[in-house]
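# Notes for the structure review
Residues per chain, in single letters:
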Amino acid sequence: MKREEEILDRIRKKGGELDIPPGLEPEWMQDTLKENARKQYFRRGRLYPALAAAASFCIIAGLILHMHSQGLLSPGSAQRTAVLPETEAPASLKQTETAQAESPEEEQELLTFPEMTYEEIYARLSESWQSQSEAVTGGARQEAFYEAADLSAAPKKEASMEDAVSEAFGQTNIQTAGVDEADRIKNDGRYLYQIARKQTKGEDGTPEGEKQGIQILDTKDGLKETAFLEGFENLEEFYLWKDLIITIENKYYDTASPVSAAEKGVIEDFAFCDTELLRSYHEISIYDITDKSSPRKQKTFTLQGTYESSRIADGYFYGISSFTANPGEGEEDYDAYIPAVDGNKISADRIYCPEYAAGDSFLVLVSIDLSNPVEFTDTRAVLSGSGICYVSQKNIYMAQYKSVYEEEPREEGTILDKTRLLRFSYLKGHFYAQAEGEIPGRADSSFSMDEYEGNLRIAATVQEYQSRKVTDDRTGELIGYDYGESRETNALYILGRALDIKGRIEGLAEGEQIKSARFLGDTGYIVTFRQTDPLFAIDLSDPQDPKVLGELKISGFSEYLHFYGENLLLGIGMEVNEETGAEEGMKLSMFDITDPADPKEQARLNLRDYNYSEALWDHHAVLIDTSENLIGFEAEGSSRGTYQKNYLVCSYENGAFAQKLKLETKTDGRSWYRTRGTFIGETFYLLSENGTAKSYNRTTGALLEELK
């Protein structure tokens, strides 16, 4: 035993000395598809046929092969990374007497993990690979899956400032107080930070291309650029924590050219149509910005797979990503089906394969101590597909939707779709598997979940099917079973710490879907929609016996709900014609919830000239500060046949909405550039993705300064 520990220590030490590839050939197609899918999410509804998606990727696959054949894509000069043998592993964090003695204050795991070797994991995955192969070759039926937008309290501010911040300033709109979320812009009360794509020019001054980076702007004594942190091509969001910037960037490697086994250690299969084209990985980089004019990279962490979500709490970064396993060259080809972090495979005892889990996708959890970011504090992997992630102040909940069409019916009777739930607690950078459970239905977003007094409340739309026999008309022989027509209802479930259902309300708003939800103490608010917008207020004070307190029906629907001071609930959504169901532009609603049994729409602002906003699916795109009475977001649409794109700033005064600012955001004729708004004191700032910035007087709307 002592000899084995010595070997493990030597392997870990050697692994820490390995160089991580500074960069591989990146690709922007995945993010472009994701962005388009998000926009279509609201225009076409939430059903997406899986086969249609696969066909789309087949087309892209062919395009990439053509580009590669023309020399337009190249793997570049990636450094080679050695792959450690399967014996490397961090010390187990499972419940043991030794662990209890060494760290009695830390939580212990409550779930019992079956001990599995890499080979046993491969055998488990092989069942999914075989099923997938049969589905593709046999043209098996694939029904739609639901895409959920990764959807507020103000975060705790932990910025190191040269000068004390005395004025109010805009902050990232987050879900859980004290748990920060990554965003495209950040504001520390003096400096503004944003992801920007700047145009580059040749020696003759003609446009040559663009470069992506994080722009740091100083607002003291005028608006000026302090630094531009370059070297990114697919950066979507970042954090500001004290004097650190933490970036997360998905990257892709072109596998059409031969690559070594070592290079395969940092990439994930991203292939369709039986053609291995791209593999994905992502990087988490830490930059010291103590000197704002000269950011300095401290460390880059490399992970296989695609970044999904993250949080920062109590000085630790917690990341969640997905890794898709592939058969590779057999069970000894560990790099093909075991996720790796910083070139090291996650050890088998840190990989959880629930008995119910199907498929070949892992969720990977990692943590980093930001006070000493030299290595991962903890790593875990769970055999589970991607889904919704909700993070409370103590727990990470992962919800994976399972359509009834993923399994063929075996008998007659009522069949419900379902969502699998997994809870990990987190403490001082360590993860502890706590519970797993299941509810009927599908959660709309992370805001459909809320933890309160140890219970999880979750709102879900439930699809109910009546399975029936299908027989041969001539012989009467049983051919199989069919789901038949479905019935759609909505429900709210209250689950205990073990994720067992303690209480429920079912059968709400038949024929409608949940559009948004929000929870405040003992009360939950749910918006469903078909032609009208019922707002349900639900009493959750007795977890075993929740009750509907009141219901308000108005036209349209709210996609996002936000508590706006005492007894007020803000809704951002769409107005809809009650007779035809046609959308008639965006709207803001303010609900009076003084009496939850009798909610009222106290005010409404129709924005008929706007039919799309990032704010409808990404809460980070909404600037909300209740103490400053600010509601801001970018919206686009048409007025009298003319396309327009503006940043709107509103307030709520004397029982009505007031539009304070209407600022045009079209830049360089490129409508796809995104613009975010923020403020410091009485100055309002518009930050455009092309690197330009403008400042305005918050009261008069007068342009103060423009940085081009």
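Up top you'll find the structure we're talking about.
Below: a short report on this structure. A quick note: this is a predicted structure, and the numbers were derived from the prediction, not measured.

## Concerning the side chain of S448
Tracing the sequence through the fold places S448 in the loop between strand 23 (430-440) and strand 24 (449-452). Assessed through its relative accessible area of 1%, S448 is described here as buried. Ignoring sequence-local partners within four residues, the contact set of S448 consists of A443, R457, I458, A459, A517 and F519.

## Points about the sheet that holds strand 43 (residues 693-697)
Strand order in this open sheet of 4 strands is 41-42-43-44, and the pairing throughout is antiparallel. Single-partner strands in this sheet number two, and they are strand 41 (675-680) and strand 44 (703-707). Looking at each pair of strands side by side, their axes are set apart by 20 degrees on average, direction ignored. One ladder, built from 5 bridges, connects strand 42 (residues 683-688) with strand 43; its direction is antiparallel. Within the sheet, the bridge partner assigned to T683 lies in strand 43 and is N697.

## Regarding the pairing of strand 29 (residues 513-520)
Within strand 29, 6 of the 8 residues are buried, which leaves the element mostly enclosed by the surrounding structure. Pairing of strand 29 with strand 30 (residues 523-529), which is carried by 7 bridges, proceeds in the antiparallel orientation. Residue pairing for strand 30: A517 is matched across the bridge by I526. Taking the residues that link successive antiparallel strands as the turn, the strand 29-strand 30 hairpin has 2 residues, and the phi of G521 there is positive, at about 60 degrees.

## Let's talk about the packing of aromatic side chains
Applying the stated rule across the entire model yields 19 aromatic pairs. By way of ring pairs, the aromatic residues Y118, Y122, Y334 and Y337 are connected into one cluster. Above the face of the F228 ring, K198 is positioned so that its terminal group lies 4.7 Å from the ring centre. The ring of F557 is capped by K515, whose NZ or CZ atom sits 4.4 Å from the centre of that ring.

## Considering the sheet that holds strand 23
A sheet is described by the order of its strands in space; here 4 strands give the open sequence 19-20-22-23, paired in antiparallel fashion. The sheet terminates laterally at strand 19 (388-391) and strand 23, the two strands that pair on one side only. Neighbour-to-neighbour, the strand axes of the sheet open up by a mean angle of 20 degrees, direction not taken into account. Pairing geometry for strand 20 (residues 395-402) and strand 22 (residues 418-427), over 8 bridges, is antiparallel. By the bridge assignment, N395 is partnered in strand 22 with S425.

## A look at the pairing of strand 40 (residues 656-664)
One face of the sheet, then the other: side chains in a regular strand alternate in exactly this way. Across 8 bridges, strand 39 (residues 642-653) lies against strand 40 in antiparallel orientation. Bridge pairing links C650 to Q659 in strand 40. Counted between consecutive antiparallel strands, the loop separating strand 39 from strand 40 contains 2 residues, among which N654 sits at a positive phi close to 50 degrees.

## Overview of the environment of G387
As for its position among the elements, G387 is in the loop between strand 18 (376-383) and strand 19. For G387 and S322, which are 65 residues apart along the polypeptide, the C-alpha to C-alpha distance reads 9.9 Å.

What counts and what doesn't
- Residues numbered from 1 in each chain as written.
- Predicted model: local features only at pLDDT ≥ 70, side-chain atom pairs only at ≥ 80, totals over all residues.
- Heavy atoms only, no water.
- Helix = DSSP H or I, 4+ residues; strand = E, 2+ residues; numbered from the N terminus.
- Buried < 20%, exposed > 50% of the residue type's maximum accessible area, 1.4 Å probe, protein only.
- Contact = heavy atoms within 4.5 Å.
- Pairing = 2+ DSSP bridges.
- Axes fitted to C-alpha atoms, helices over the stretch in contact; angles between N-to-C directions.
- Phe/Tyr/Trp six-rings, centres within 6.5 Å; stacked < 30°, edge-to-face > 60°.
- Lys NZ or Arg CZ within 6 Å of the ring centre and 35° of its normal.

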